[in-house]
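# Observations on the model geometry
Below, each chain spelled out in residue letters.
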Amino acid sequence: MDEARESGENTFEVVADGRAVVVTTTCDVDMSTADGVRTQWERAAVAAVRAGAALLVVDLRAVAFLSSVGISALMLLSASCSLRGVELLLCLDEGQAVRRALDLTGVLGTSLPAVSSIEEALRHPAPSPLGDQQL
């Protein structure tokens, strides 16, 4: 399943690669774009479920600015993915302002895990069907 979608000035690509769906965000995420971006991220999460993918990768490497509204949208997406049984993974460049903003808020790596490339994301271990629970 490959599909591309546009939302106003925002372009997103949703690509299913077996166990993963990748959505690429190319616009800054602020008050004026957050609703459209959030809708597209949710559509990508639904696409992951429909594709039977265990992983949703949000590629933010082309995003120069992520406001608090954007961080909130990512946190909501993380919760939504968790409820759907899909793991959320961010793709960010080292030294990127968005990475620094997420790190400063304390959510990077804890609530929102990140990698530096799509290839690295696709090598990410599949989540356990039982989550962190052990028998």
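### Describing the side chain of Thr25
- The residue Thr25 is located in the loop between β3 (20–24) and α1 (34–51) in this model.
- Owing to a relative accessible area of 0%, Thr25 belongs among the buried residues under this scheme.
- Polar contacts involving the side chain of Thr25 include one to the side chain of Trp41, which spans 2.9 Å.

### Concerning the pattern of salt bridges
- Overall, the coordinates contain four salt bridges when judged by the stated rule.
- Where Asp35 meets Arg38, a salt bridge forms, and the shortest distance between an N and an O atom there is 2.4 Å. On the criterion of helical spacing, the pair formed by Asp35 and Arg38 is a turn pair, its members being three residues apart in helix α1.
- The exposed category is assigned to Asp35, whose relative accessible area is 52%.
- With a relative accessible area of 27%, Arg38 lands in the partly exposed category.
- Here Arg61 ties to Asp59 by a salt bridge, and the two come within 2.8 Å at their closest N and O atoms.

### Structural notes on the pairing of strand β5 (residues 87–91)
- Counting buried positions along β5 yields four of five residues, so the element is predominantly enclosed.
- One ladder, built from five bridges, connects strand β4 (residues 55–59) with β5; its direction is parallel. Looking across to β5, one finds that Leu55 is bridged to Glu87.
- Tracing the backbone out of β4, into helix α2 (residues 68–84) and back to the parallel element β5 gives a crossover that is right-handed.
- Where β5 meets strand β6 (residues 114–115), two bridges bridge the pair, whose relative direction is parallel. From the neighbouring strand, Cys91 faces β6, where its bridge partner is Val115.
- What joins β5 to β6 is helix α3 (residues 97–104), and the crossover it makes is right-handed.

What counts, and at which threshold
- Residues numbered from 1 in each chain as written.
- Predicted model: local features only at pLDDT ≥ 70, side-chain atom pairs only at ≥ 80, totals over all residues.
- Heavy atoms only, no water.
- Helix = DSSP H or I, 4+ residues; strand = E, 2+ residues; numbered from the N terminus.
- Buried < 20%, exposed > 50% of the residue type's maximum accessible area, 1.4 Å probe, protein only.
- Polar contact = N/O pair within 3.5 Å; in protein donor to acceptor, adjacent residues only side chain to side chain.
- Salt bridge = Lys/Arg side-chain N within 4 Å of Asp/Glu carboxyl O.
- Pairing = 2+ DSSP bridges.
- Right-handed = clockwise from strand over helix to strand, strands pointing away.

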